Amino acid sequence: MGRVYAVLGDIHANIDALNTVLTDARAQGVTDFVSVGDVVGYNAAPVECLRIVRDELKCPVVRGNHDNYVSWLDTSLDDFHPAAAQVVEWTRQQLSPEDLQWLHDLPLQRPVMGFTLVHSTLDMPDHWGYVFDTQQAEAHFNYQRTQLCFHGHTHVPMIYAATPGGVVRYEPCDFTIELGQRLFINVGSVGQPRDGDPRASYVIYDPATRQIRFRRLEYDVAAAQARNRAAGLPERCSLRLEAGR
Ligand code: ZN
């Protein structure tokens, strides 16, 4: 049996969503986990999520903007939404120096067995640009050297394909990758979906069959909200979970 990958994005310290995803992934035959970053931020279980990703899954991860803000202590939070910035400050206090160093040292992009991981885009991975349209994806494709690249950051699952006629955008769907097709796939968010669907999102990639599958899973949103409220995190972070925005 070959490897089957689960691609996790924007876990954002949501242990209730992460555990649900891990159970599903194993039931689906996943053998390996990779992540497009933002392990922490917004929710109340950064330590648990980080240690599962790093120690249990031994997951190749790239640095997301929240991972960056939490661990690069000289980064200014002035341009950041106040609620998000408040959680960044709170998260810094939860993590050990070793955990902070691990986040700090994550690469901005990394190759994994023939595909690439990045949080935002490969053209300027440290600018945290959001890809919502084909023009933004076009800039990224100029730097994509592998057939397949996974990303996150918008928390909205999406498929971009580079074709001779330009970049085409597709809604998430299950499909088989064609030979020579160049794809930039947004895996959505495990811990804070923003496409109006509160269910946790991730992608399964099977290199042997070349299949891509988008998974959406209900999880215990109320438990995640209770955890956030008990930690004193901004109410906005809890409300977003049930709205999927
Ligand atoms: Zn994020």
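If you're wondering where the values come from, they're calculated on a predicted model, not measured in any experiment.

Reading guide: rules and limits
- Residues numbered from 1 in each chain as written.
- Predicted model: local features only at pLDDT ≥ 70, side-chain atom pairs only at ≥ 80, totals over all residues.
- Heavy atoms only, no water.
- Helix = DSSP H or I, 4+ residues; strand = E, 2+ residues; numbered from the N terminus.
- Buried < 20%, exposed > 50% of the residue type's maximum accessible area, 1.4 Å probe, protein only.
- Contact = heavy atoms within 4.5 Å.
- Pairing = 2+ DSSP bridges.
- Donors = N, O, S within 2.8 Å, 3.2 Å for Na, K, Ca; no water.
- Tetrahedral: all angles 85-135°; square planar, octahedral: opposite > 155°, others 65-115°.
- Disulfide = S-S within 2.5 Å.
- Phe/Tyr/Trp six-rings, centres within 6.5 Å; stacked < 30°, edge-to-face > 60°.

Chemist: Account for the side chain of Asp 16, with residues named and values stated.
Modeler: Relative to the assigned elements, Asp 16 resides in helix α1 (residues 15-27). What makes Asp 16 buried here is its relative accessible area of 13%. If we skip the residues at most four places from it in the chain, Asp 16 touches Tyr 219, Asp 220, Ala 223, Ala 224 and Arg 227.

Chemist: Tell me what's going on with the pairing of strand β7 (residues 166-170), and back it up with residues and numbers.
Modeler: In regular strands, side chains alternate between the two faces of the sheet. Across five bridges, strand β6 (residues 158-163) lies against β7 in antiparallel orientation. Bridging across to β7, Ala 162 finds its partner in Val 167.

Chemist: Let's hear about the coordination of the zinc ion: which residues, and what values?
Modeler: Surrounding the zinc ion are the protein donor atoms Asp 10 (OD), His 12 (NE2), Asp 38 (OD) and His 155 (NE2), which sit 2.0 to 2.6 Å from the metal. Geometry at the zinc ion is irregular, judged from its four donor atoms and the angles of 87 to 176° they form at the metal.

Chemist: Tell me what's going on with the state of the cysteines, and back it up with residues and numbers.
Modeler: Chemically, a disulfide is nothing more than a covalent bond linking the sulfur atoms of two cysteines. Here the structure, examined in full by the defined rule, presents zero disulfides. Of all cysteine sulfurs, the one in Cys 49 lies closest to Cys 59, which takes part in no disulfide; the gap is 12 Å. On the basis of relative accessibility, which here comes to 7%, the residue Cys 59 falls in the buried class.

Chemist: Give me the lowdown on the packing of aromatic side chains, citing residues and values where you can.
Modeler: Using the criterion set out here, one finds nine aromatic pairs in the structure. Considering the side-chain rings of Tyr 5 and Phe 115, the 5.1 Å spacing of their centres and the 80° angle between planes classify their relative orientation as edge-to-face. Within this pair, whereas Tyr 5 is found in strand β1 (residues 5-8), its partner Phe 115 is found in strand β4 (residues 115-118), the two being separated by 110 residues in sequence. In this structure Phe 115 comes out as buried when scored by relative accessible area, which is 1%. Residues Tyr 5 and Tyr 205 carry aromatic rings whose centres are separated by 6.4 Å and whose planes lie at 20° to one another, so their mutual orientation is stacked. Linking Tyr 5 in strand β1 with Tyr 205 in strand β10 (residues 200-206), this pair joins segments that are 200 residues apart in sequence. Of the two residues, Tyr 5 and Tyr 205, both sit in the buried class.

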